[in-house]
Amino acid sequence: MFWVLLLLLAWVAAGTSCTRLCLAAVRAAAADANAARGHDLTLYEAAFLSGGPARVADLTLVSMARQRRLLLAHTGWATVVDPRGRDEMECSVIGAIGPEGQSRIAPVRTAAAAADSVRRLADRLVAAGLAVPDGARTTVAGAVRQVQAALVAVLALGAVALLLPAQSTGNDVPVAVWFALPLILTVSCLAIARIEVHPYTRWASPAGQRLLGTLARHTGATGDDRTYLTSVAVRGIRAIGEPDLRAALTHRDRGPSV
């Protein structure tokens, strides 16, 4: 009756992994249900949900450049024209450029993306249920991987049980049927998770994705300044229409300037 021990291990693996996946899915669904309703995204929020801290930094640079309060050269240099930031994001960019008023764009983007103002923005979006909390996406994905591993374990344990010398089950039910039960449980759990568990992007929760989808439908290549900046927030640098400005933000340093 050694196969009974193998069957017990198969049930433990299947039951534990499926329970973990169900709990992770329930927590994710609860967070989505508690998401802010009727929330109007700001440009900075849309940028964060679309591309994270780096997108917020890019949007701030583009916004200041279009207002002629910051010069972004195609050679990769940023020069401050107006040292007075109109919000905390702009103050972070000006602070990253430094007191001399000029700096390479790459380190400015990095510093601005890591600023406290961006972290506070992220915290607000997480609290509103619009951004993915640290670990939430990986928790669901990890639970799915555990169920997949349990599925393989059940198959392996069942194969070992079938390869053992013929043993009586105490009734007319074959050994393979007993192992088919935990196998069905894991396969069903994976199938339900594929249908029901919301996909998570790197930054936006399902609720945040819905708001971004609504916002994206109202953006276009032409329009007023806010429409333009909304397009940059949602699509990133590729939405920038000015070749010189796009070149400034895509410039890659190749060494010291001469």
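Scroll up to find the structure.
Residues numbered from 1 in each chain as written. Predicted model: local features only at pLDDT ≥ 70, side-chain atom pairs only at ≥ 80, totals over all residues. Heavy atoms only, no water.

A. Just the overall build of the protein chain, in detail. Looking only at helices and strands, the protein chain features 10 helices and three strands. Along the protein chain, from the amino end to the carboxyl end, the secondary structure elements read α-α-β-β-α-β-α-α-α-α-α-α-α. For the protein chain, the proportion of its 258 residues judged to be buried stands at 40%. Excluding contacts between residues fewer than 6 apart, the proportion of contacts in the protein chain whose partners are at least 24 apart in sequence is 71%. Here the protein chain has roughly 14,000 Å² of accessible surface; of this, 62% comes from carbon and sulfur atoms. (Helix = DSSP H or I, 4+ residues; strand = E, 2+ residues; numbered from the N terminus. Buried < 20%, exposed > 50% of the residue type's maximum accessible area, 1.4 Å probe, protein only. Contact = heavy atoms within 4.5 Å. Areas by Shrake-Rupley, 256 points an atom, 1.4 Å probe, with all protein chains shown as cover.)

B. Highlighting the packing of helix H2 (residues 43–66) against helix H3 (residues 88–97). Relative orientation of the contacting elements H2 and H3 amounts to 60°, with a least axis distance of 9 Å. If you check the angle between H2 and H3, you find them oblique. Handedness of the H2/H3 crossing: right-handed. Across from Tyr44, Val56, Thr60, Leu61 and Met64 in H2, the residues of H3 making contact are Met89, Glu90, Val93 and Ile94. Residues of the contact of H2 with H3, tallied by class, amount to seven nonpolar, one polar and one charged. (Axes fitted to C-alpha atoms, helices over the stretch in contact; angles between N-to-C directions. Parallel < 35°, antiparallel > 145°, perpendicular 65-115°, else oblique. Left-handed = near helix turned anticlockwise from the far one by under 90°. Nonpolar A, V, L, I, M, F, W, Y, C, P; charged D, E, K, R; others polar.)

C. Representation of a nonpolar patch on the surface in the model. A cluster of nonpolar side chains, namely Phe2, Leu5, Leu8, Leu9 and Val12, defines an oily patch on the protein surface of about 460 Å² accessible area. Inspection of the secondary structure puts Leu5 in helix H1 (residues 2–33). (Patch = residues over 30% accessible without salt bridge, like charges linked within 9 Å, V, L, I, M, F, W, Y side chains within 5 Å. Salt bridge = Lys/Arg side-chain N within 4 Å of Asp/Glu carboxyl O.)

D. Structural detail: the sheet that holds strand E3 (residues 102–104). In spatial order, the strands read E1-E2-E3; together these three strands make up an open sheet with antiparallel pairing. Looking at strand neighbours, the two that pair on one side only are strand E1 (70–72) and E3, the edges of this open sheet. For this sheet, the mean inter-axis angle between neighbouring strands, taken without regard to orientation, is 20°. In this sheet, strand E2 (residues 77–80) lies alongside E1 in antiparallel orientation, the contact comprising three bridges. Paired with Leu72 across the strands is Ala78, a residue of E2. (Pairing = 2+ DSSP bridges.)

E. Structural context of the side chain of Asp82. Secondary-structure assignment places Asp82 in the loop between E2 and H3. The exposure class of Asp82 is buried, given its relative accessible area of 13%. A distance of 3.1 Å separates a polar atom in the side chain of Asp82 from the backbone nitrogen of Arg84. (Polar contact = N/O pair within 3.5 Å; in protein donor to acceptor, adjacent residues only side chain to side chain.)

F. Region of the structure containing unusual backbone geometry. With phi around 60°, Arg68 is a residue other than glycine that occupies positive phi space. Within the secondary structure layout, Arg68 lies in the loop between H2 and E1. Residue Arg68 is classed as exposed on the basis of its relative accessible area, which comes to 59%.

G. View of the packing of aromatic side chains. Under the counting rule described, the total for this entry stands at one aromatic pair. Arg66 extends its terminal NZ or CZ atom over the ring of Tyr228, reaching a point 3.8 Å from the ring centre. (Phe/Tyr/Trp six-rings, centres within 6.5 Å; stacked < 30°, edge-to-face > 60°. Lys NZ or Arg CZ within 6 Å of the ring centre and 35° of its normal.)

H. View of the nonpolar core. Residues Phe48, Leu49 and Leu72 are the most contacted members of the largest nonpolar core, which totals 46 residues. Considering every element that reaches this core, the biggest residue donor is H2, with 13 residues. (Core = buried A, V, L, I, M, F, W, Y, C linked by side-chain atoms within 4.5 Å.)

I. Fine view of the environment of Ala239. By secondary structure assignment, the location of Ala239 is in the loop between helix H9 (225–235) and helix H10 (243–250). We classify Ala239 as buried; its relative accessible area is 13%. Taking C-alpha positions, Ala239 is 8.2 Å from Tyr228, a pair spaced 11 residues apart along the chain. In this view, Ala239 contacts Tyr228, Ser231 and Val232; residues no more than four positions away in its chain are not counted.

J. Quick look at the pattern of salt bridges. Counted according to the given criterion, the structure contains seven salt bridges. Residue Asp82 pairs with Arg84 through a salt bridge whose shortest N-O separation is 3.2 Å. Classification of Arg84 by relative accessible area gives exposed; the value is 63%. One salt bridge connects Asp116 with Arg119, and the closest N-O pair in it is separated by 2.0 Å. Taken together, the positions of Asp116 and Arg119, both in helix H5 (residues 116–127) and three residues apart, correspond to about one turn of that helix. Each of Arg66, Asp225 and Glu242 takes part in salt bridges that share partners, so that together they form one network.

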